[in-house]
Amino acid sequence: MRFTLPRDIYHGNGAIDELKSFKGKKAMVCVGGSSMKKFGFLDRVVENLKTAGMQVQLFEGIEPDPSVETVMKGAKAMTEFGPDWIVAIGGGSPIDAAKAMWIKYEHPECTFEDMCKVFGIPELRHKAHFCAISSTSGTATEVTAFSIITDYAKGIKYPIADFQITPDVAIVDPELAQTMPKKLVAHTGMDAMTHAIEAYVSTANSEFTDPLALHAIEMVKEYLIPSYNGDTEARNKMHDAQCLAGMAFSNALLGIVHSMAHKTGAIFADYGAHIIHGAANAMYLPKVIAFNAKDPVALKRYAKIADFINLGGKDDQEKVQNLIAMLRGMNDELSIPHCIKNYGKDSYPCEQGFVPESVFLERLPEIAKNAILDACTGSNPRQPSQKEMEDLLKCCYYDTEVDF
Ligand SMILES: NC(=O)c1ccc[n+]([C@@H]2O[C@H](COP(=O)([O-])OP(=O)(O)OC[C@H]3O[C@@H](n4cnc5c(N)ncnc54)[C@H](O)[C@@H]3O)[C@@H](O)[C@H]2O)c1
Ligand SMILES: [Zn+2]
């Protein structure tokens, strides 16, 4: 087994200024649409790198849920500029895109298909090192071995997974997270909760990942709702909590909540919206816990989580029910719906969401098949059959009880 993290994690207010001490010649800064520019963080990154004596070039405009095309464009820009540092700043989207660009920059012969072979990335760092600066409190991609790229022709998200793409340096500066709008706080926060819980019950869990996962769960439970309601200190704590969850899941892997989120996120885009990653996780997590808890080892682990955060319960079954009730209560406080049927265009709960029942049922067999094939399914404590995955997804559509 292996446990890998970035060589350095700079954290706390002002950590972004550590860039001044970097050593190198040329830095390519990868960034999304506009938020980092608008709030002045992009300028600060560029100034800091120039202070470090580096020549700086920007690759701007990386879209949310980045595409294969964007990755190829960015890699081309890197090849032309020749950076020895890649610095990605923003949410999960620009950082993930930059990780995939880095692979292509180092190995131009590597196709997107090659990148998707789990733990099959050739050796990096012959041309550049990688620094990630996260501005959302959820994906923890600044410390993980993952990058999620969307193939829009297929409407499917593909996880690239290899410790080669674990960044060399992570900057976890909570100042960047203060500008997040409420909805983003809610979604990314529940993404972090899902990472920690899935890592804790994953079949690849270890003594090294357990403490990180448990502490992250405790922190998200305590700080997510106050952070959502505008508490600055709680927002700071959430930035650390999501990073701890990332350290856990990067080494313990995830489970089928993520498999299902990856395969439902973009598949209904022709009906007007995406199911945002964190919201999908928040809706599916309570259902998957009920399903996985039929496995005796997973049942014990969920009960341990419930004990750790003092949820009470006279036996393991009741403890798991309390954990499920707590998570559903958090969804209510964060205005996240409980099921796809009630997932409105703006991601808020509504009577009739944007995914019609007939469309869901028609696409269900294909979605279930793809979810089973997702890279996150292998480490789930219970391996679902095609029928079980379809039934589970139905529970996630109608918000019905999981009794199988
Ligand atoms: N690599 C991993 O380990 C991993 C894990 C989970 C999810 N993901 C992927 O990450 C992506 C989602 O990333 P995300 O949730 O961080 O969101 P994101 O990067 O897609 O950003 C969402 C929006 O928020 C804005 N934004 C970002 N930071 C902001 C800030 N501080 N203030 C104001 N606005 C801000 C962005 O401009 C963008 O419009 C998905 O593609 C998901 O599949 C990756
Ligand atoms: Zn996630």
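The model shown is predicted, which means the values in this text are computed figures rather than measured ones.

## Some points on the overall build of the chain
And step 1. The number of helices and strands found in the chain is 14 helices and eight strands.
And step 2. For the C-alpha atoms alone, the extent of the chain along its principal axes is close to 60 × 40 × 40 Å.
And step 3. Residue burial in the chain is summarised as follows: out of 404 residues, 53% are buried.
And step 4. Counting contacts in the chain only where the partners sit at least 6 residues apart, residues at least 24 apart contribute 76% of the total.

## As for the site of ligand 1
And step 1. As a matter of local geometry, ligand 1 sits amid 28 residues, with Gly-91, Gly-92, Ser-93, Thr-136 and Phe-146 nearest to it.
And step 2. Where the shell around ligand 1 is concerned, the elements lending two or more residues are helix H4 (92-106), strand S6 (146-151) and helix H6 (182-201).
And step 3. Taken together, the residues that form the shell around ligand 1 break down as seven nonpolar, 17 polar and four charged.
And step 4. Counting the residues that make up the shell around ligand 1, at least three belong to each of domain 1 (8-177) and domain 2 (181-398).

## A word on the nonpolar core
And step 1. By size, the foremost hydrophobic cluster in this structure holds 135 residues, and its most contacted members are Cys-30, Val-87, Ala-196, Ala-216, Ala-245 and Ala-248.
And step 2. In terms of residue count, the dominant contributor to this core is H6 (eleven residues).
And step 3. Taken together, domain 1 (8-177) and domain 2 (181-398) each give at least three residues to this core, which thus spans both.

## Structural notes on the sheet that holds strand S5 (residues 129-134)
And step 1. Pairing in this open sheet of six strands is parallel, and the strands run S1-S8-S5-S4-S2-S3 from one edge to the other. Both outer strands of the open sheet, strand S1 (8-11) and strand S3 (55-59), are each paired with one neighbouring strand and no more. Adjacent strand axes in the sheet meet at a mean angle of 15°, parallel and antiparallel pairs treated alike.
And step 2. Set on the sheet, H4 makes contact with strand S2 (26-31), strand S4 (85-90) and S5; between it and S4 the angle comes to about 160°.

## A look at the packing of helix H7 (residues 210-228) against helix H8 (residues 232-252)
And step 1. H8 packs onto H7 with a crossing angle of 150° between their chain directions and a minimal axis gap of 8 Å. The orientation of H7 with respect to H8, classified from their angle, is roughly antiparallel. When the axes of H7 and H8 are compared, the crossing they make is left-handed. Note on element contacts: H8 touches H7 through Ala-234, Arg-235, Lys-237, Met-238, Ala-241, Leu-244, Ala-245, Met-247 and Ala-248, opposite Leu-212, Ala-213, His-215, Ala-216, Met-219, Val-220, Tyr-223, Leu-224, Pro-226 and Ser-227.
And step 2. Among the residues forming the contact of H7 with H8, the class breakdown is 15 nonpolar, two polar and two charged.

## Considerations on the domain arrangement of the chain
In many reports, interface size means the accessible area that the parts give up when they come together.
And step 1. Taken domain by domain, the chain holds domain 1 (8-177) and domain 2 (181-398).
And step 2. If you look at the interface, domain 1 gives 23 residues, while domain 2 gives 28 residues.
And step 3. Elements supplying a minimum of two residues to the side of domain 1 that touches domain 2: S6 and strand S7 (156-161).
And step 4. With four residues, S7 is the largest single contributor of residues to the side of domain 1 that touches domain 2.

## Observations regarding helix H13 (residues 357-373)
And step 1. For H13, which comprises 17 residues, the first-to-last C-alpha distance of 24 Å matches the rise-based estimate of 24 Å (1.5 Å per residue) to within 8%.
And step 2. At Leu-364, H13 shows its strongest bend, of approximately 50°, with the proline Pro-365 following within four residues.
And step 3. On the buried face of H13, the contacting elements are S7, helix H9 (256-264) and helix H14 (386-398).

## Some thoughts on the environment of Leu-364
And step 1. Counting through the fold element by element, Leu-364 comes out in helix H13.
And step 2. Placed 353 residues apart in sequence, Leu-364 and His-11 show a C-alpha to C-alpha distance of 43 Å.
And step 3. Contacts of Leu-364, omitting those with residues within four sequence positions, involve Glu-390 and Leu-393.

## Notes on H6
And step 1. Relative to the 28 Å expected for 20 residues at 1.5 Å per residue, H6 spans 29 Å between its end C-alpha atoms, a close match to the ideal helical length.
And step 2. Where burial is concerned, most of H6 is hidden: 18 out of the 20 residues are buried.

## Looking at unusual backbone geometry
And step 1. Even without glycine at this site, Arg-125 takes up a positive phi of about 75°.
And step 2. Tracing the backbone shows Arg-125 in the loop between helix H5 (112-115) and S5.
And step 3. The class for Arg-125 is exposed, based on 12 C-beta atoms found within 10 Å.
And step 4. With phi around 55°, Asn-310 is a residue other than glycine that occupies positive phi space.
And step 5. Secondary-structure assignment places Asn-310 in the loop between helix H11 (296-308) and helix H12 (316-333).
And step 6. For Asn-310, a count of 9 C-beta atoms within 10 Å gives the class exposed.

What counts as what
Counting from 1, residues in each chain are numbered in the order their sequence is written. Whichever chain is written first becomes A and whichever ligand is written first becomes 1, with later ones labelled in order. At least 70 in pLDDT is required for a residue's local features to be given in this predicted model, at least 80 for side-chain atom pairs to be given and counted, and no such filter applies to totals for whole chains, interfaces and linings, which use all residues. Elements are defined by DSSP. Helices are runs of H or I of four residues or more, strands are runs of E of two residues or more, and each kind is numbered from the N terminus. Here exposure depends only on C-beta density: within 10 Å of a residue's C-beta, 20 or more other C-beta atoms make it buried, 12 or fewer make it exposed, and intermediate numbers make it partly exposed, the C-beta atoms being placed from the backbone. By definition, residue pairs are in contact when their C-beta atoms, positioned from the backbone, come within 7 Å. Each residue receives a C-beta atom placed from its backbone. It is near a molecule or strand if this atom lies within 6 Å of it. Asp, Glu, Lys and Arg are counted as charged, while Ala, Val, Leu, Ile, Met, Phe, Trp, Tyr, Cys and Pro are counted as nonpolar; the rest, among them Gly, fall into the polar class. As used throughout, domain bounds are those supplied by an automatic or database domain assignment. The term nonpolar core refers to a set of buried Ala, Val, Leu, Ile, Met, Phe, Trp, Tyr and Cys residues connected through C-beta atoms within 7 Å. One requirement defines pairing of two strands: DSSP has to find at least two bridges between them. The axes are straight lines fitted to the C-alpha atoms, using for helices just the contacting stretch, and the angles between their N-to-C directions are given from 0 to 180°. What sets the label is the angle itself: under 35 degrees gives roughly parallel, over 145 gives roughly antiparallel, 65 to 115 gives roughly perpendicular, and the rest give oblique. Take the far helix as the reference: if the near one is turned anticlockwise from it by less than a right angle, the crossing is left-handed, and if turned clockwise, right-handed. Here the expected length of a helix is defined as 1.5 Å per residue gap, with one fewer gap than residues. The term bend refers to the angle at a residue between two fitted axes, each drawn through seven residues, those ending there and those starting there.

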